[in-house]
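Observations on the three-dimensional arrangement
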Amino acid sequence: SGAFLLILYAASYFCVSRLLKFKSWFIDIALLSCMAVCIFGFTDYLGMDLLHFKVRLKAEHIGMFTSFIGNINMYTGLLSVYLGAACLLWVSCPNKLRSIWYYVNVWVIFIALITGRSDNAYLSLAAAFTFIPIYAFRTRQGIRRYVVLLATFLTSLKVIEWIATTYADRVYQIDSLYNSLVSFSKLVLLIKVLWIIAIILYLIDFVSKKADATVSPWFSRIWIGLIVIGFAAFLYVYDVNIAGNADKYGSAKSFLLFNDNWGTHRGVIWRLAIEDYQDFTPIHKLFGYGPDTFGLVTYYHNMDIMTNVYHQIFDSAHNEYLQFFITVGPIGLLSYLAIFVTAFIRIIKKGCQNPYVIAAMFGVLCYSAQATVNIGTPITIPIMFLFLSMALAGCREA
C-alpha cells in the first residue's frame, strides 16, 4: 500500500464519484459477490476446503486463512463493508422481494462474521447495530425490522454455538466476545422475547394498515441520546485500566484492559509506534516517513524487542489511522479523514432519500469502525472506496 497504490485509490475515487451513473442494482451485484465469499468461508469453517487452498499450509496456520480472501482479519474486514450495506437495506427497502434478498444477505453475513473468528468483526457489528437505528427509526417498518435484525444475529450466534458443540472435532470453537454472549444465561430467553416482539409489531402494523407509516422524529433523537450515554459508559475503561478492577468484568476484561498483550499484541505495537513517533524529526512528525514504511520504522527502532521478545516483525500498526499517522503524518491522516467527513456530510444532505446511497455509506462506516484494529490492504480498501465513490455518485443523481 505504497504511494503508487494510494494515487490509484485517489484517481479511481474521483473517476467513479464524478462520472458513474449510479444504479441500485450495483449494490445488489456487490452483495451477490459477497455471498460467494461468505459461502466458501463457511465451508472452510466446517473443514471442507472445497477449493483446496489449504493443502500446503501447516496445521497451526490453517485456521488463520479462509475463503478467497486469505487471512481471517482481511476476510472479516471485507465483510464489514457488505454488512453495513445489507443491514441498512434490510431495514429500509420497501420492495418485498428485494427485502427477502437483503435479509438472506444479512443472515449469511452474520454467520460468516461469527465463523470468521476475528475480533475486528465486533467493531463493525457494533457500528451497524449502533448507528442504523438513526436511519431506521423514522418508519414503523424500520423499527420492526431492526428488532428482527437483533434477533437474527443472536439466533445466528446460537446456531453457530450448536454447530461448534455438535461438530467439535471438525470446526473451530467460537471464543472471546462471542463466547461471552453465548454463555449469557438468559440468551435463549432474550432471543425468544425479540422474536415475539417482532411478530407483535408485524401483526399490529398489518391490522392497523400502517406498516409503511412514518413515526415521530423523537424515536431517532432518543436513540442518539442513548448513543451519547453509551459512549459515556466507556468510562468503564477507567475502572479497568486505572482503578484496577479488571477482574469483576469477567471475560470482557480482555477487551477493556489495555496492555501490551491487548488485541493479540496490538497494545505493544501501538505503544512502540507512539514511542517511535516521539523520536521523529520535526519534518517527519508532520509528514511521516512515507506510505507503507511502518515496518521499516518499527524494525529500526525496536529490532531487539521484536526478535528476542515477540519473535515477529511488526510491519503494520493493525490500526489504519495510527498507520497513516506514522507513515504520512498528522497532515496526511487529517487529509484522509477529511475525505470521509466531507463525503458523509454530502451523502446525508443529498442522498438521504435513496436507501441504496445510504447503504453504501453505512458499508464505509462499518469498515471505518473495524479499521481501528485492522490492517488496510489492497484486498479491502478498494472495495471500501468503491462504495464511498458510488454513494457520492448517487448524490450527484439526487
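Residues numbered from 1 in each chain as written. Predicted model: local features only at pLDDT ≥ 70, side-chain atom pairs only at ≥ 80, totals over all residues. Heavy atoms only, no water.

What about the side chain of Ser 17?
As a reminder of what qualifies: A run of DSSP states H or I qualifies as a helix once it reaches four residues; a run of E qualifies as a strand once it reaches two. Both are numbered from the N-terminal end. For the purposes of these results, a polar contact is taken to be a pair of N or O atoms within 3.5 Å, where, inside protein, one atom must be able to donate a hydrogen and its partner to accept one; residues adjacent in sequence count only when each atom of the pair is a side-chain atom. Whether two residues are in contact is decided by their heavy atoms: any pair within 4.5 Å suffices.
Within the secondary structure layout, Ser 17 lies in helix H1 (residues 3-19). Here the side chain of Ser 17 touches Tyr 13 through a polar contact of 2.7 Å, landing on its backbone oxygen. Setting aside residues up to four positions removed in sequence, Ser 17 forms contacts with Ser 389, Leu 392, Ala 393 and Arg 396.

Quick notes on a positive patch on the surface
Let me state the cut-off plainly: Patch members must show over 30% relative accessible area and no salt bridge, and they are joined within 9 Å when carrying like charges or within 5 Å when they are nonpolar side chains of Val, Leu, Ile, Met, Phe, Trp or Tyr. Only the protein chains shown count as covering a residue, and every accessible area follows the Shrake-Rupley method with a 1.4 Å probe. Put simply, a salt bridge is a Lys or Arg side-chain nitrogen that is within 4 Å of an Asp or Glu carboxyl oxygen. Positive: Lys, Arg. Negative: Asp, Glu. His and the chain ends are not part of the count. Taken as the charge centre is NZ of Lys, CZ of Arg, CG of Asp or CD of Glu, depending on the residue. Note on exposure labels: buried denotes an accessible area under 20% of the residue type's maximum, exposed denotes more than 50%, and partly exposed covers the range between, all computed with a 1.4 Å probe on protein chains only.
Among the surface-exposed residues, Arg 18, Arg 346, Lys 349 and Lys 350 lie close enough to one another that they form a single positively charged patch. If one sorts the elements of the positive patch by residue count, helix H16 (residues 329-350) sits on top with 3 residues. Structurally, the position occupied by Lys 349 is in helix H16. With a relative accessible area of 67%, Lys 349 lands in the exposed category.

Quick word on the nonpolar core
Most often, soluble globular proteins have nonpolar side chains that are buried together. This is how it is decided: We call a set of buried Ala, Val, Leu, Ile, Met, Phe, Trp, Tyr and Cys residues a nonpolar core when their side-chain atoms join them within 4.5 Å.
Ranked by internal contacts, the top residues of the largest apolar core, which has 99 residues, are Ile 27, Tyr 178 and Phe 387. No other element matches helix H3 (residues 72-92), which puts 14 residues into this core. In contact with Ile 27, not counting residues within four places along its chain, are Phe 22, Ala 85, Leu 89, Tyr 356, Ala 360, Phe 387 and Met 390. Judged by nonpolar contacts, the second largest core, of 16 residues, contains Val 268, Ile 269, Trp 270 and Phe 294.

A short note on the environment of Thr 155
Among the secondary structure elements, Thr 155 is positioned in helix H6 (residues 140-166). In this structure the C-alpha to C-alpha distance between Thr 155 and Thr 342, which are 187 residues apart in sequence, comes to 37 Å. Setting aside anything within four residues of it in sequence, one finds Thr 155 in contact with Ile 191 and Trp 195. Here Ala 151 takes part through its backbone oxygen, which lies 2.6 Å from a polar atom of the side chain of Thr 155.

Overview of helix H17 (residues 355-370)
Note the threshold: Expected helix span is taken as 1.5 Å per residue step, with the number of steps being one fewer than the number of residues.
The end-to-end C-alpha distance of H17, which contains 16 residues, comes to 23 Å, matching closely the 22 Å that a straight helix rising 1.5 Å per residue would cover. In terms of burial, H17 is a largely internal element, 14 of the 16 residues being buried. The opening residue of H17, the one whose side-chain oxygen lies 3.0 Å from the backbone nitrogen of Tyr 356, is Asn 354.

Thoughts on the pattern of salt bridges
Across all of its chains, the model carries 5 salt bridges by this definition. For Asp 28, the salt bridge is made with Arg 98, and the minimal N-O distance between the two is 3.1 Å. With Asp 28 in helix H2 (residues 25-45) and Arg 98 in helix H4 (residues 96-116), this residue pair connects regions lying 70 residues apart in the sequence. Note on Asp 28: relative accessible area 12%, which makes it buried. Taken together, the salt bridges that share partners define one network made up of Arg 140, Arg 144 and Asp 205.

Function cannot be inferred from these measures alone, as they are strictly geometric.
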